[in-house]
Amino acid sequence: PETINGVEDDDGCPDVELAAAYVDLEKRQIVITDRVFFKTARARLRKRQQSALDAVIAIRSRKLPDPQRIGNAGSFFKNPIVSRDEHHKLIAHHPSLVSYPLPGGRVKLAAGWLIDAAGLKGATRGRAGVYERQALVLVNRGGATGREILDLAREVQEKVAEKFGVWLEPEPVIV
């Protein structure tokens, strides 16, 4: 933090008003101009970052269950990565497959899409289930045991592997 006349600025760049009040404008005009630009650019960047963060939070709130209301560990499966050749074979049979190219000729597949396409989105087994709004999330519908969650996870893995030839890895560390 920078201190000017006993006033500390938390980001190390004094506010424009503080700088103008304590700097000789004739001798330090370039510094003031840079600070004004810097503060303005920083403010715009922070506003854009906040807008992006707000958008992500809104999307996640619509798709992910509130853990205060429905027990869950968030995304339960990692998005699998396959070779370009494997991806071409999958796309030939499943043209709407959601995927993202990666460096080195690899492709990341959307695990949620795979689970949904395997017919498991919204499925319930005992007191464990696949969340209705986001197939990547396994939920505890009330009193599910660890065994019930793991059995459902295994069923998801097996059905996705059977339909697509892709094995889903769990995201959470299971002890």
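First, a word on what this report is: a plain description of the structure on this page.

Analysis parameters
Residues numbered from 1 in each chain as written. Predicted model: local features only at pLDDT ≥ 70, side-chain atom pairs only at ≥ 80, totals over all residues. Heavy atoms only, no water. Helix = DSSP H or I, 4+ residues; strand = E, 2+ residues; numbered from the N terminus. Buried < 20%, exposed > 50% of the residue type's maximum accessible area, 1.4 Å probe, protein only. Contact = heavy atoms within 4.5 Å. Areas by Shrake-Rupley, 256 points an atom, 1.4 Å probe, with all protein chains shown as cover. Phe/Tyr/Trp six-rings, centres within 6.5 Å; stacked < 30°, edge-to-face > 60°. Salt bridge = Lys/Arg side-chain N within 4 Å of Asp/Glu carboxyl O. Pairing = 2+ DSSP bridges. Axes fitted to C-alpha atoms, helices over the stretch in contact; angles between N-to-C directions. Expected span 1.5 Å × (residues − 1).

1. Some details on the overall build of the protein
Along the backbone of the protein there are five helices and nine strands. For the protein, the α and β elements follow one another from N to C terminus as β-β-α-α-β-β-α-β-β-α-β-β-β-α. Burial status across the protein gives 28% buried among its 175 residues. Within the protein, residue pairs in contact and separated by at least 24 positions form 50% of the contacts whose partners lie at least 6 positions apart. Carbon together with sulfur atoms contributes 53% to the accessible area of the protein, which is approximately 11400 Å² in total.

2. Thoughts on the packing of aromatic side chains
Inspection of every chain in the model, using the stated rule, returns two aromatic pairs. With 5.1 Å between their ring centres and 70 degrees between their planes, phenylalanine 76 and phenylalanine 77 make a pair best called edge-to-face. Like phenylalanine 77, phenylalanine 76 is buried. Summarising the aromatic geometry, the rings of tryptophan 113 and phenylalanine 164 are spaced 5.8 Å apart at their centres and angled 55 degrees between planes, so their arrangement reads as tilted. Pair noted here: tryptophan 113 is in helix H4 (residues 111-117) and phenylalanine 164 is in helix H5 (residues 146-164), with a separation of 51 residues, a long-range link.

3. Examining the pattern of salt bridges
Following the criterion strictly, the structure yields six salt bridges and no others. One salt bridge in this structure joins glutamate 148 and arginine 127, with 3.0 Å as the shortest N-O distance. In this pair, glutamate 148 is assigned in helix H5 and arginine 127 in the loop between strand E7 (124-125) and strand E8 (128-130), connecting sequence segments 21 residues apart. A relative accessible area of 38% places arginine 127 in the partly exposed class. A salt bridge links arginine 147 to aspartate 151, with the nearest nitrogen and oxygen atoms 3.2 Å apart. A residue pair is termed a helical-turn pair when its members lie 3 or 4 positions apart in one helix, as arginine 147 and aspartate 151 do in helix H5 at four residues. Note on aspartate 151: relative accessible area 42%, which makes it partly exposed. When salt bridges that share partners are traced, they join Arg125, Glu155 and Lys159 into one network.

4. Looking at the side chain of histidine 94
Counting through the fold element by element, histidine 94 comes out in the loop between helix H3 (84-93) and strand E5 (99-101). Beyond its immediate sequence surroundings of up to four residues, histidine 94 is in contact with Trp113, Lys163 and Phe164.

5. Observations regarding the sheet that holds E7
In space, the four strands of this open sheet follow the order E3-E9-E8-E7, with antiparallel pairing throughout. Since the sheet does not close on itself, it has two edges, and those belong to strand E3 (71-75) and E7, each with one partner. Note that E7 and E8 share two bridges and pair antiparallel. Each bridged residue has a counterpart across the sheet, and for arginine 125 the counterpart in E8 is alanine 128. In this fold H5 packs onto E7, E8 and strand E9 (137-140), with an angle of close to 35 degrees to the strand it touches most, E8.

6. Structural notes on H5
Given a rise of 1.5 Å per residue, 19 residues ought to cover 27 Å, and the 27 Å separating the end C-alpha atoms of H5 matches this to within 8%. Considering only its buried residues, H5 is in contact with H3, H4, E7, E8 and E9. Once H5 ends, the next one or two residues include glycine 165, with phi positive near 70 degrees.

7. Comments concerning the sheet that holds E5
Here three strands make up an open sheet; going across it, the order is E4-E6-E5 and the pairing antiparallel. This sheet does not close on itself; its edge strands, each paired only once, are strand E4 (81-83) and E5. Taken over all neighbouring pairs, the strand axes of this sheet differ in orientation by 35 degrees on average, direction set aside. Relative to strand E6 (residues 106-109), E4 runs antiparallel, the two being bridged by three bridges. Bridge pairing in E6 places serine 83 opposite arginine 106. In this fold H3 packs onto E4, E5 and E6, with an angle of close to 95 degrees to the strand it touches most, E4.

8. Re the side chain of histidine 87
Take histidine 87: it is sitting in helix H3. Setting aside its immediate chain neighbours within four residues, histidine 87 contacts Val82, Leu97, Ser99, Val107 and Leu109.

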